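So the chains spell out like this:
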Amino acid sequence: IYESADGTVMQEGSDTLRIQEEGKIIYHASDSSQARFQALSQREKDLQIKAEEVLDLVTAGQLGEGRMFCQSIETLEDETVELTFCYLLDGAQVQLGEEGWGAQFVFSDSALTSFTICLRTYTATDRTQRAAAVTALGQTGKELQLCYRDDDTTPEITADWTVRERS
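Since we're looking at a predicted model, the values are computed, not measured.

**Remarks on the overall build of the protein chain**
Within the protein chain one finds two helices and 11 strands. Secondary structure elements in the protein chain, listed N-terminal to C-terminal, are β-β-β-β-α-β-β-β-β-β-α-β-β. Scored against the burial criterion, the 167 residues of the protein chain give a buried share of 35%. For the protein chain, long-range pairs separated by at least 24 residues make up 45% of all intrachain contacts whose partners lie at least 6 apart in sequence. Surface summary for the protein chain: the accessible area is close to 10,400 Å², and the carbon and sulfur share equals 47%.

If you want it as structure tokens, here you go:
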């Protein structure tokens, strides 16, 4: 264990865990055959279950009123599988930083090779923004959708209403 310019680094063998001061946790596994985190199989559902187990361990009691959900599972060119998780607050997705996601996990076969988790704690408030609602009034075939923006630089996020076409 040692301190770096942006936080704490823990190394065991070739596995590395970085805990950055702004709340980002980054894990990289060694190239060895014995994986620290192993899913039951290569099936997407098993990979998702293992990612959710790790996510629950890391975020236990830290999310406040926020929740995480698996937004996508994608097989990359190198045959690794990437799972992306996003935050929800009051049922609306939180757009976190430029990437938009709250956590990403990468599996090679059934072994977890790396993950990045952006720890955030969210608390809902009674504040609402009505400007978009007024703009949307009278627009046939459109509906309001609540979304949150977290630029990862301030302790508060902003609620926005977007107008979208009804499907």
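**Describing the packing of aromatic side chains**
One pass over the structure, following the stated rule, counts six aromatic pairs. On the numbers, 5.1 Å between centres and 20° between planes, the contact of Tyr 27 with Phe 115 is stacked. With Tyr 27 in strand β4 (residues 24-28) and Phe 115 in strand β9 (residues 111-118), this residue pair connects regions lying 88 residues apart in the sequence. Both residues of the pair, Tyr 27 and Phe 115, count as buried. Ring plane angle 75° and centroid distance 5.6 Å describe the contact between Phe 85 and Phe 105, whose orientation is recorded as edge-to-face. Here the residue Phe 85 occupies a position in strand β6 (residues 81-89), and Phe 105 occupies one in strand β8 (residues 103-108), the gap between them amounting to 20 residues. For Phe 85, a relative accessible area of 1% translates into the label buried. An aromatic cluster of three or more residues is present, and its members are Tyr 27, Phe 37, Phe 85, Phe 105 and Phe 115.

**So, the pattern of salt bridges**
Counted under the stated rule, the structure contains five salt bridges. The salt bridge partner of Asp 15 is Arg 36, with a shortest N-O separation of 3.1 Å. Here Asp 15, found in strand β3 (residues 15-20), pairs with Arg 36, found in the loop between β4 and α1 (44-59); they are 21 residues apart in sequence, far enough to count as distant. For the salt bridge of Glu 53 with Lys 50, the shortest nitrogen-to-oxygen distance reads 2.9 Å. Taken together, the residues Glu 53 and Lys 50, both in helix α1 and three residues apart, mark about one turn of the helix.

Criteria and thresholds
- Here, residues in each chain are numbered from 1, in the same order as that chain's written sequence.
- Predicted model: local features are reported for residues with pLDDT of at least 70 only, side-chain atom pairs are reported and counted for 80 or more only, and whole-chain, interface and lining totals are derived from all residues.
- Side-chain descriptors were evaluated using all non-hydrogen atoms of the structure, hydrogens and water having been removed beforehand.
- Runs of E in the DSSP output that reach at least two residues are strands. Runs of H or I that reach at least four are helices, and both are numbered from the N terminus.
- Relative accessible area decides the class of each residue, using a 1.4 Å probe on protein chains only: under 20% of the type maximum gives buried, over 50% gives exposed, and in between gives partly exposed.
- In this analysis, two residues are considered to be in contact whenever any of their non-hydrogen atoms come within 4.5 Å of each other.
- Residue burial considers only the protein chains on display, and all accessible areas are found by Shrake-Rupley using a 1.4 Å probe.
- Centres within 6.5 Å are what make two rings of Phe, Tyr or Trp a pair, Trp counting through its six-membered ring; a difference in plane orientation under 30 degrees is then read as stacked, over 60 as edge-to-face, and the rest as tilted.
- We define a salt bridge as a side-chain nitrogen of Lys or Arg found within 4 Å of a carboxyl oxygen belonging to Asp or Glu.

Taken by themselves, the reported measurements are silent on function.
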